[in-house]
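Observations on the model geometry
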Amino acid sequence: MGGNMGKTWSRSFRQGNAIYKLNLLATESIRSVEDRFIALVGLDVRTIRVLRLIGDNPGTTFAELTVMTGLERSLVSRLIQNLVRSGHVERRNDDADARRFGLFVTQAGQRVRDRADLLSARALEAVFEPLSPAEVQAFIATMDKLADWLDSPDYAQKVTRIFDSIDFGDSGPV
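Residues numbered from 1 in each chain as written. Predicted model: local features only at pLDDT ≥ 70, side-chain atom pairs only at ≥ 80, totals over all residues. Heavy atoms only, no water.

1. Points about the overall build of the protein
Stated formally: Helix numbering and strand numbering both begin at the N terminus, where a helix is a DSSP run of H or I of at least 4 residues and a strand a DSSP run of E of at least 2. In this setup the radius of gyration rests on C-alpha atoms only. A globule is expected at 2.2 Å times the number of residues raised to 0.38. Per-residue accessibility, obtained with a 1.4 Å probe over protein chains only, is compared with the maximum for each type, and a residue is labelled buried under 20%, exposed over 50%, and partly exposed between these values. Residues count as neighbours in contact if any of their non-hydrogen atoms are within 4.5 Å of one another. Residues scored as charged are limited to Lys and Arg (positive) and Asp and Glu (negative), so that His and the chain ends carry no count. For this purpose, a charge sits on NZ of Lys, CZ of Arg, CG of Asp or CD of Glu.
Assigned secondary structure in the protein consists of 8 helices and 2 strands. Taken over C-alpha atoms, the radius of gyration comes to 20 Å for the protein, far larger than the 16 Å a tight globule of 174 residues would show. Residues classed as buried in the protein amount to 24% of the 174 residues present. When contacts within the protein are restricted to residue pairs at least 6 apart in sequence, those whose partners lie at least 24 apart make up 45%. Of note, the protein has its 23 positive side-chain charges centred 5 Å away from the centre of its 23 negative side-chain charges.

Structure (structure tokens):
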């Protein structure tokens, strides 16, 4: 992994639409640091994301975490199992309902998270190097605004209306 796809990915980037570009930027920025995260904290970036979400939401459940991560249930389950097995996360039964359990970061998990947070901050410095502080703030504000929009019922309705109104003029799917 690691590296930057032979330094050619940015050529195709310029040919894509905005969604393609966001995906490619995220993929490449993670790929460029993934090996370092594994070497320095022992976890890949996706697992660290799950660890962070548990730390930021103590007592969160598996179902809640699946929604928060946007990842497949089976993958979230495997990541949680690995975090529990490695001693970074623990499961605790819910006092009100013994069938439910919440997830909590352990001291060992918090140490890993602290290290990962430092690595992330340094990686962001590198990613945002060519941008001014004002450009970084504007980029983050724009992403936040888009996230709120994508998470809204208005967006879901808009997408439904758009796709329901498309007529390719033939008899159906390709």
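Let's pick the thread back up.
2. Notes on the packing of aromatic side chains
What counts is decided by this rule: A pair of aromatic rings is counted whenever rings of Phe, Tyr or Trp (Trp by its six-membered ring) have centres within 6.5 Å, and the orientation is called stacked for planes under 30 degrees apart, edge-to-face for over 60 and tilted otherwise. Should the NZ of a Lys or the CZ of an Arg lie within 6 Å of a ring centre and within 35 degrees of the ring normal, that charge is described as sitting over the ring.
With the rule as written, the count across this model stands at 2 aromatic pairs. Their ring planes at 75 degrees and their centres at 6.0 Å tell us that Phe128 and Phe139 sit as a pair that is edge-to-face. Here Phe128, found in the loop between helix H6 (107-127) and helix H7 (133-150), pairs with Phe139, found in helix H7; they are 11 residues apart in sequence, far enough to count as distant. With centroids separated by 5.6 Å and ring planes inclined at 75 degrees, the aromatic side chains of Trp149 and Tyr155 adopt a geometry described as edge-to-face. In this structure Trp149 comes out as partly exposed when scored by relative accessible area, which is 37%. Taking NZ or CZ as reference, Arg92 lies 3.9 Å from the ring centre of Phe104, over its face.

3. Regarding helix H4 (residues 62-69)
Here is the rule: What the arc measures is the spread of directions leading from the helix axis to the C-beta atoms.
Those residues of H4 that fall on the buried side of the exposure criterion are Leu65, Thr66 and Thr69. One face of H4 carries all of its buried residues, which in axial projection span an arc of 105 degrees. Buried positions along H4 lie against helix H3 (45-56), helix H5 (73-85) and strand E2 (101-105). One or two residues past the end of H4 sits Gly70, with phi positive at roughly 75 degrees.

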